[in-house]
Amino acid sequence: LFDGVYPFYPQQRKAAVFDISTIIVIVVFLTLACSFLLIIPGIRGRARFYWTLRVLLSLFVGVVIVVVQFTGDWETGWVQANTSYKSFSHAQVNADIGLHIGLAGVNVTLRGNPVNQINETINYNEHFPWNFGADYDRSYSEGLEKGLPSPILYVAEKFSTQSPCAVHRQYRIAGHYASATLWVAFCTWIISNILFSMPVLVYGGYMLLVTGAFMIFSLLSFSTVRNSPMCLIQIGTGTLHVAYGGSFWLMLAIGLLCFVAGITIVAMHHLNSDLLKAFFDLREDKAEEYQEMPEVFVNPHFVNKGL
């Protein structure tokens, strides 16, 4: 105690779902989308709709691949319970305790019902990283020194290296490989866009299939943490259970979308290549390339001279 008050030193907090990195990525892709929308009036005919559909869908796939690297809702869980607020105190509070697991760490949220209780504002969100280069146990020790509320420390302790739950290594390795696989998917996404801008559409379709495959591989990598049993997180009379969150299901949907788009492009290449070229605005260019001159004008002066 410091003058009869529990010490608390504020720290820079990270959002559970959106953080600065996520906002930067979204702003960059929105800038690209707005730049393309400015040049849409210069595209004539039905090709305007095709270009808009292709570019916006491609940008959406790219931004999802990058954004989920920084989100913290691959697994989420909430529980409402009456629990002790601080160590060495008998004060009880009614609060919602949330757990948000991402590829790079875990966020623990504590929100009071109501927010103002026992003369304090109970609204915490603390981030504990476990990505390579970060020290989870050190972050946990700093939380102990700062006097964080007991529910946050109790949940965070379940993922420490010293915890008998022994899930820290599984989550760290699974998140690392899932992140690496997503970066490979981002590279194949860039290659597919380059191929679509060239008259090799079928290879762009193949790379789109590869992009979807690496997305699914990232989900399989993260799902390996379910092979090890998770300790019960008992808070008061309630139990905090986690399930796959929004980022996981969004990545699954985008991966299936890439599979469907890639299979459609490859099938159209073999069944109706003219329709595929029309969608990618390549048929008119080829027609102009092989178009013959309907009439030839000859200067009679050169003809009379035998030239």
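What counts, and where the lines are drawn
- Residues numbered from 1 in each chain as written.
- Predicted model: local features only at pLDDT ≥ 70, side-chain atom pairs only at ≥ 80, totals over all residues.
- Heavy atoms only, no water.
- Disulfide = S-S within 2.5 Å.
- Helix = DSSP H or I, 4+ residues; strand = E, 2+ residues; numbered from the N terminus.
- Buried < 20%, exposed > 50% of the residue type's maximum accessible area, 1.4 Å probe, protein only.

Points about the state of the cysteines
Piece 1. Counted according to the given criterion, the structure contains one disulfide.
Piece 2. Linked covalently through their sulfurs, C165 and C231 form a disulfide whose S-S length is 2.2 Å. The sign of the -130° torsion about the S-S bond sets the C165-C231 disulfide as left-handed. Placement of C165 in the loop between helix 4 (150-157) and helix 5 (168-196) and of C231 in the loop between helix 6 (201-223) and strand 5 (233-235) is noted, with a sequence separation of 66 residues between them.
Piece 3. Classification of C165 by relative accessible area gives buried; the value is 9%.
Piece 4. Classification of C231 as partly exposed rests on a relative accessible area of 27%.

Focus: unusual backbone geometry
Piece 1. In this structure, the amide linkage connecting N113 to the following residue, P114, adopts the cis form with an omega of 0°.
Piece 2. Position of P114 relative to the elements: it lies in strand 3 (residues 105-117).
Piece 3. At I118, a residue that is not glycine, the phi angle is positive and equals roughly 45°.
Piece 4. Within the fold, I118 resides in the loop between strand 3 and strand 4 (120-129).
Piece 5. Since its relative accessible area comes to 40%, I118 is described here as partly exposed.

The quantities given are spatial measurements derived from coordinates; they are silent on function.
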